[in-house]
Amino acid sequence: MIKHKLTIIDIKTVMLSEGKQKDELVQTAIKILKEKYSPNPEHPELFKYKIAKERCRFVYRINCCSETYYVKKYVNRDVIKIIQDLFRTQRAIVSMLTYWRLQRSKIPTYEQLFALVDRSKIFNRPSVVVSKECKGRTIKQMLKEDVSEDRKAEIIEMLIDLYVKLLKANVYHHDPNLSNFILEDGVLKLIDLDDVRVLPYISYRLLQKNLKKFNKILFLVYSRKKNGNINFHNADREYIIQEVIKRYDPNISVSKLVKYLDRKTKIPLFEVKSLVKK
């Protein structure tokens, strides 16, 4: 028996009666998952259905044969995006292609199994991508715990190594949030590939843009009150930014790039403590 539980982004919860779910594309994905990827065929339990309205993504979390899988469905509500989708690859396919490219570059990430596109529709073709659960904790979760300085240093080194590896493989991450890096079995992995693109080349300008965003995200980690007493400080952010630049390309002027970050992000890289106090 398949059970349904709907969790909307505003924390409201609604129970759906059995048989109400008529999403054929998702049910097809579940059928393929059950027949080809599960060791013992049985009815999977579909128990979570999350809606991100602003991004038009629906995420189902499925328990099947002691394994947990995620079925992410993409569908557009905006007319302009529906028209754009007529001339570009569906997002589930893009996510799958990105996953394969990351695999070729030996970038550790969660396992994606397959993608489906409903081509019976001319307009607004929905698509789904199915992935296996990545069991572990994100960097943000670990830093919120009472970790020792030595352990924190290890986590930071893993983050720097993976970020440099991404840049050297021409992987551009539009949302390098610490919640998008998860540690599983001692390996730091990249999750949520919707904001990841593999480019032919990362120019110096793109590098500036990327590090500006990364710098701001790192600043918000410890400056936001809602993060509580997180074990991450200004000195950690300074070290990460400088080491990423040095290890990515020793020929790049660290001081010059830091000055650019200071000017563009309005966050003085070596004077943040005074800003936080204010």
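If you're wondering where the values come from, they're calculated on a predicted model, not measured in any experiment. (Residues numbered from 1 in each chain as written. Predicted model: local features only at pLDDT ≥ 70, side-chain atom pairs only at ≥ 80, totals over all residues. Heavy atoms only, no water.)

A.B. asks: Before we move on, can you summarise helix 8 (residues 254–265) with the specific residues and values?
C.D. replies: The end-to-end C-alpha distance of helix 8 is 16 Å, a good match for the 16 Å that 12 residues give at a rise of 1.5 Å each. Every buried residue of helix 8 is listed here: V254, L257, V258, Y260, L261 and T265. The buried residues of helix 8 occupy an angular sector of 155° when projected down its axis, which confines them to one face. Of the exposed residues in helix 8, the ones pointing more than 90 degrees away from its buried face are K256, K259 and R263. (Helix = DSSP H or I, 4+ residues; strand = E, 2+ residues; numbered from the N terminus. Expected span 1.5 Å × (residues − 1). Buried < 20%, exposed > 50% of the residue type's maximum accessible area, 1.4 Å probe, protein only. Arc of directions from axis to C-beta.)

A.B. asks: A description of the confidence of the model for the chain should follow, citing residues and the corresponding values.
C.D. replies: Taken residue by residue, the chain gives an average pLDDT of 76. The fraction at 70 or more is 75%. Considering only residues more than four positions removed or in separate chains, one finds that residues 1–22, a stretch of pLDDT under 50, has 39 contacts. Taken together, the stretch residues 270–278 has pLDDT below 50 and engages in 15 contacts with residues farther than four places along the chain or on a different chain. (pLDDT = per-residue confidence, 0-100. Contact = heavy atoms within 4.5 Å.)

A.B. asks: Can you tell me about the packing of aromatic side chains, naming the residues and giving the values?
C.D. replies: Enumeration over the complete set of coordinates arrives at one aromatic pair. On the basis of an interplanar angle of 5° and a centroid distance of 4.1 Å, the ring pair of Y163 and F214 is categorised as stacked. A residue pair is termed long-range when its members are at least 10 positions apart, and Y163 in helix 5 (residues 149–168) and F214 in helix 6 (residues 204–223) qualify at 51 residues. The buried category is assigned to Y163, whose relative accessible area is 2%. (Phe/Tyr/Trp six-rings, centres within 6.5 Å; stacked < 30°, edge-to-face > 60°.)

A.B. asks: Tell me about empty space enclosed by the protein, and please be specific about residues and values.
C.D. replies: Going through the model one piece at a time under the given rule, you end up with one cavity of 30 Å³ or more. Volume-wise, the largest cavity comes out at about 40 Å³. Taken together, Y74, V75, N76, D85, Q90, R91, N124, R125 and S127 make up the lining of the largest cavity. Looking at side-chain class alone, the lining of the largest cavity contains two nonpolar, four polar and three charged residues. (1 Å grid on protein atoms, 1.4 Å probe; cavity = no way out; pocket = protein on both sides within 12 Å on 5 of 7 lines; lining within 4 Å. Points joined across faces, edges and corners; volume = space filled by probe spheres on them. Nonpolar A, V, L, I, M, F, W, Y, C, P; charged D, E, K, R; others polar.)

A.B. asks: Describe unusual backbone geometry, listing the residues and the values that go with them.
C.D. replies: Even without being glycine, K106 reaches a positive phi, approximately 60°. We note that N170 has phi near 60°; this positive angle belongs to a residue other than glycine. With respect to the helices and strands, N170 occurs in the loop between helix 5 and strand 9 (171–173).

A.B. asks: Describe in detail the side chain of S131, supporting the description with residues and values.
C.D. replies: With respect to the element layout, S131 can be found in strand 7 (residues 127–132). If we skip the residues at most four places from it in the chain, S131 touches Y69, Y70, Y110, E111, Q112 and L113.

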